[in-house]
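Observations on chain architecture
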Amino acid sequence: MPTVSVDAQHLTVLNLFTTDAPEKQDSLIQEMTKIVNAATYEGWMSSTVHAGVDSPGTANFIQWRSGEDLEKRYAGEEFKHRTLPVFGEITTSIRLLQNEVVYTLTSEGPNTDLTICPKRGNYTVITIYKVDAANQDELIDALGPAQAGIVDAPGFRGHIVLKGLRARGLDGSFVVSYSQWESKEIYDGHRALPEEQWPEGRQKAQARIDAVALDVDSNTYEVVLTRAAGE
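Residue positions are counted from 1 within each chain, in the order its sequence is given. Residues qualify for local features only when their pLDDT is at least 70, as the model is predicted, and side-chain atom pairs are given and counted only at 80 or more; totals for whole chains, interfaces and linings, by contrast, use all residues. Side-chain numbers here rest on the full set of heavy atoms in the structure, without hydrogens or water.

**Details of the packing of helix 1 (residues 22–38) against helix 3 (residues 77–90)**
Counted only if it meets this: In this analysis, axes come from line fits to C-alpha atoms, helices being fitted only over the stretch in contact, and the angle between any two N-to-C directions falls in the range 0 to 180 degrees. Helix numbers and strand numbers start at the N terminus; a helix is a DSSP run of H or I with at least 4 residues, a strand a run of E with at least 2. An angle counts as roughly parallel when it lies under 35 degrees, as roughly antiparallel when it exceeds 145, as roughly perpendicular when it falls between 65 and 115, and as oblique in every other case. Helix crossings fall into two classes, left-handed where the near helix is turned counterclockwise from the far one by less than a right angle and right-handed where it is turned clockwise. Contact definition: two residues touch when any of their heavy atoms are within 4.5 Å. Gly falls in the polar group here, along with every residue not listed as nonpolar (Ala, Val, Leu, Ile, Met, Phe, Trp, Tyr, Cys, Pro) or charged (Asp, Glu, Lys, Arg).
Relative orientation of the contacting elements helix 1 and helix 3 amounts to 165 degrees, with a least axis distance of 10 Å. The pairing of helix 1 with helix 3 is recorded here as roughly antiparallel in orientation. The handedness of the crossing between helix 1 and helix 3 is left-handed. In this structure, helix 1 contributes Lys24, Ser27, Leu28, Glu31, Met32 and Ile35 to the contact, and helix 3 contributes Arg82, Thr83, Val86, Phe87 and Ile90. Residues belonging to the contact of helix 1 with helix 3 are distributed by class as follows: six nonpolar, two polar and three charged.

Structural data, given as structure tokens:
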């Protein structure tokens, strides 16, 4: 199963697809499953496919050895003439985000390794924050170390902060938050908690986020498939 670590030197890619109907989400998952199960690309390490819960769509959390390996995949005839056209027919948006893992948090503390796989049964929240390049590091700190107290929240399982490096389908600088929770009900309760009841650390961190984030786009997911190279 894929392990996410701050110490790893590889590239993390998050491919996000939106669609306008649940049946199209099913088609997306079928197409992504075919690709993941047949993957033998040079430098490809793992893929974890997520199905949208709150809104139809998918997310693929992919680990690559390097950006050069990924660009070879993008330049390939299969990707250009089959993969993109197929996804283009059944999606309303495609965002291919290249990232660096800069912070992780689990019950064992900050910067500990985190796993993602269907067997864990995590309810996953992925949020994309647009930000001016000058404020990217401030946003990373506010989303990561400044919120370390979230480890004590009921049902919290894990948190990853990804520094956006470059993207297709998304302009400008960005930061990604990837969080794992025990269930939808527990996460919804955490989100609905009145602000005056938030711990002080959460209030201060959110104020910092609000001060620099230009746009916020979020969806929730369940993990449906994972595969690593050699499996």
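**Section: unusual backbone geometry**
As a reminder of what qualifies: Categorising residues by exposure relies on relative accessible area from a 1.4 Å probe, with only protein chains included: less than 20% of the type maximum marks a residue as buried, more than 50% marks it as exposed, and the intermediate range marks it as partly exposed.
A positive phi angle, close to 55 degrees, is found at Asn111, a residue other than glycine. Relative to the elements of secondary structure, Asn111 occurs in the loop between strand 6 (109–110) and strand 7 (114–115). Given the relative accessible area of 44%, Asn111 is considered partly exposed.

**Some remarks on the environment of Phe174**
As for its placement among the helices and strands, Phe174 is situated in strand 10 (residues 173–181). Measuring from C-alpha to C-alpha, the distance between Phe174 and Lys130 comes to 4.5 Å, with 44 residues separating the pair along the chain.

**A short note on helix 6 (residues 200–212)**
To keep it simple, the criterion reads: Given the number of residues in a helix, its expected span is that number minus one, multiplied by 1.5 Å. In this description, the arc belongs to the directions extending from the helix axis to the C-beta atoms.
Helix length check: helix 6 (13 residues) gives 19 Å between terminal C-alpha atoms against 18 Å at 1.5 Å per residue, within 8%. Here helix 6 has its buried residues at Arg202, Ala205, Ile209 and Val212. Down the axis of helix 6, the buried side of the element spans an arc of 105 degrees, and every buried residue falls inside it. Exposed and facing more than 90 degrees away from the buried side of helix 6 are Glu200, Lys204, Asp210 and Ala211. Buried residues along helix 6 sit in contact with strand 8 (123–131), helix 4 (136–143), helix 5 (184–192) and strand 11 (213–228).

**A few points about the pattern of salt bridges**
How we decide: Criterion for a salt bridge: a side-chain nitrogen of Lys or Arg within 4 Å of a carboxyl oxygen of Asp or Glu.
Using the criterion set out here, one finds 17 salt bridges in the structure. For Asp54, the salt bridge goes to Lys184, with nearest N and O atoms at 3.3 Å. One end of the pair, Asp54, is in the loop between strand 3 (44–52) and strand 4 (57–64); the other, Lys184, is in helix 5, with 130 residues separating them in the sequence. Residue classification places Lys184 among the partly exposed residues on the basis of a relative accessible area of 30%.

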